[in-house]
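Spelled out, the chains give:
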Amino acid sequence: MSKSACFVTQEATEGILSRVTNVCAECYTELQLGDIIHYDMQNYRYLCERCQEELCEKMNDECEIITKELDGLFG
């Protein structure tokens, strides 16, 4: 599940891995040449497939993370 407005999906290239990052910014899993990676347009970082999917589940159509509203002072 990919939200195109929130992420740019691409293949990990030598250039990205050597000049930008070789790990997922969320879970720090090492990215390999040829992996499908996702650039998070809101937070300017690369994510692995799993972390991107998890983040997508928490986002609305405006790429904002939805948090559960608290009913009172202590939840």
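Reading the values: rules and limits
Residues numbered from 1 in each chain as written. Predicted model: local features only at pLDDT ≥ 70, side-chain atom pairs only at ≥ 80, totals over all residues. Heavy atoms only, no water. Helix = DSSP H or I, 4+ residues; strand = E, 2+ residues; numbered from the N terminus. Polar contact = N/O pair within 3.5 Å; in protein donor to acceptor, adjacent residues only side chain to side chain. Contact = heavy atoms within 4.5 Å. Pairing = 2+ DSSP bridges. Axes fitted to C-alpha atoms, helices over the stretch in contact; angles between N-to-C directions.

Chemist: I keep staring at the side chain of Arg45 and nothing clicks. Help me out?
Modeler: Checked against the element boundaries, Arg45 lands in strand 3 (residues 45-47). A polar contact is formed between the side chain of Arg45 and the side chain of Glu26, at a distance of 2.8 Å. Excluding its chain neighbours within four sequence positions, the residues that come into contact with Arg45 are Ala25, Glu26, His38, Tyr39, Asp40 and Leu55.

Chemist: Which parts of the structure should I look at to understand the sheet that holds strand 1 (residues 7-11)?
Modeler: Paired through their backbone hydrogen bonds, the strands of a sheet run either parallel or antiparallel. The antiparallel open sheet is built from three strands, whose spatial order is 1-2-3. Each of the sheet's edge strands pairs with one partner strand only, and the pair in question is strand 1 and strand 3. Looking at each pair of strands side by side, their axes are set apart by 30° on average, direction ignored. Relative to strand 3, strand 2 (residues 36-40) runs antiparallel, the two being bridged by three bridges. Counterpart to His38 in the pairing with strand 3 is Leu47. In the packing of helix 2 (residues 49-57) onto the sheet, the strands contacted are strand 1, strand 2 and strand 3, and the crossing angle to strand 3 comes to about 100°.

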